Amino acid sequence: MTIAEVSRKYEMTADTLRYYERIGLIPQVPRNKSGIRDYDDNSCRWIELMKCMRGAGVQIEALIEYVSLFQQGDSTINARKTLLIEQRDQLLARMEEMQKSLDRLNQKIDLYEQGLMQTEKKLRQ
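What counts and how
Residues numbered from 1 in each chain as written. Predicted model: local features only at pLDDT ≥ 70, side-chain atom pairs only at ≥ 80, totals over all residues. Heavy atoms only, no water. Salt bridge = Lys/Arg side-chain N within 4 Å of Asp/Glu carboxyl O. Helix = DSSP H or I, 4+ residues; strand = E, 2+ residues; numbered from the N terminus. Buried < 20%, exposed > 50% of the residue type's maximum accessible area, 1.4 Å probe, protein only. Phe/Tyr/Trp six-rings, centres within 6.5 Å; stacked < 30°, edge-to-face > 60°. Disulfide = S-S within 2.5 Å. Core = buried A, V, L, I, M, F, W, Y, C linked by side-chain atoms within 4.5 Å. Contact = heavy atoms within 4.5 Å. Polar contact = N/O pair within 3.5 Å; in protein donor to acceptor, adjacent residues only side chain to side chain.

Trainee: Even after reading the chapter, I still don't get the pattern of salt bridges, so can you show me in this structure?
Mentor: Where side chains of opposite charge bring their charged atoms close, a pairing between them can arise. Inspection of every chain in the model, using the stated rule, returns four salt bridges. Put simply, Asp15 and Arg18 hold a salt bridge, and the shortest N to O gap is 2.7 Å. Separated by three residues within a single helix, Asp15 and Arg18 lie in helix α2 (residues 14-22), roughly one turn from each other. Taking relative accessible area as the criterion, Asp15 reaches 53% and is therefore assigned exposed.

This is the structure in structure tokens:
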């Protein structure tokens, strides 16, 4: 697939795709005879993973490290697993904080709704 096709499929700009490749966030993308990027299934799987991880707030540095470890082979399996566990724990902590924020917002909204109900009652009297 061309970079334009991949860009549309994953809703990412071509610049972002090139940047991800340049910094090692995704492995080197194969190129055709003319030197144009030709994204294969493997490249697309990496893009899907990185889009998911970035969407979850995983830092670029951690993902670059993961890709680097992956490229070093099976001897890094434990290190990759440890890295993923650390990222999961950080994500869970962020989710917990977000849930607290959501709960607080809901409380505030409830207070406004209760106040509006009381105002409406007064208007009906």
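Trainee: Please explain the packing of aromatic side chains as it appears in this structure.
Mentor: Pairs of aromatic rings are described using the distance from one ring centre to the other and the angle between the two planes. By the definition in use, this model includes three aromatic pairs. On the basis of an interplanar angle of 45° and a centroid distance of 6.3 Å, the ring pair of Tyr19 and Tyr20 is categorised as tilted. With 6.3 Å between their ring centres and 55° between their planes, Trp46 and Tyr66 make a pair best called tilted. Pair noted here: Trp46 is in helix α3 (residues 41-55) and Tyr66 is in helix α4 (residues 60-72), with a separation of 20 residues, a long-range link.

Trainee: Before we go on, may I ask you to explain the state of the cysteines in this structure?
Mentor: Linking two cysteines covalently through their sulfur atoms gives a disulfide. The tally for this structure, following the rule as stated, stands at zero disulfides. Take Cys44: it sits in no disulfide, and the sulfur closest to it among the cysteines is that of Cys52, at 15 Å. A residue is classified by how much of its surface remains accessible, and Cys44, at 6% relative accessible area, is buried. By relative accessible area, which is 47% here, Cys52 ends up partly exposed.

Trainee: In this structure, what is going on with the nonpolar core? I would like to understand it.
Mentor: Across soluble globular proteins, nonpolar side chains show a tendency to be buried alongside one another. The biggest cluster of nonpolar side chains holds 22 residues, and the ones touching the most others in it are Val6, Leu17, Ile26, Tyr39, Ile47 and Met50. Every element with two or more residues in this core is listed here: α1 (3-10), α2, α3 and α4. Counting residues per element, this core draws most heavily on α4, which supplies six residues. Beyond its immediate chain neighbours, meaning those up to four positions away, Ile47 contacts Val6, Tyr10, Met12, Leu17, Ile26 and Tyr39.

Trainee: Would you mind showing me how to read the side chain of Arg37 here?
Mentor: Inspection of the secondary structure puts Arg37 in the loop between α2 and α3. The exposure class assigned to Arg37 is buried, which follows from its relative accessible area of 18%. Separated by 2.6 Å, the side chains of Arg37 and Glu21 make a polar contact. Excluding residues that lie within four positions of it along the chain, Arg37 makes contacts with Met1, Thr2, Ile3, Arg18, Glu21, Val29, Pro30 and Arg31.

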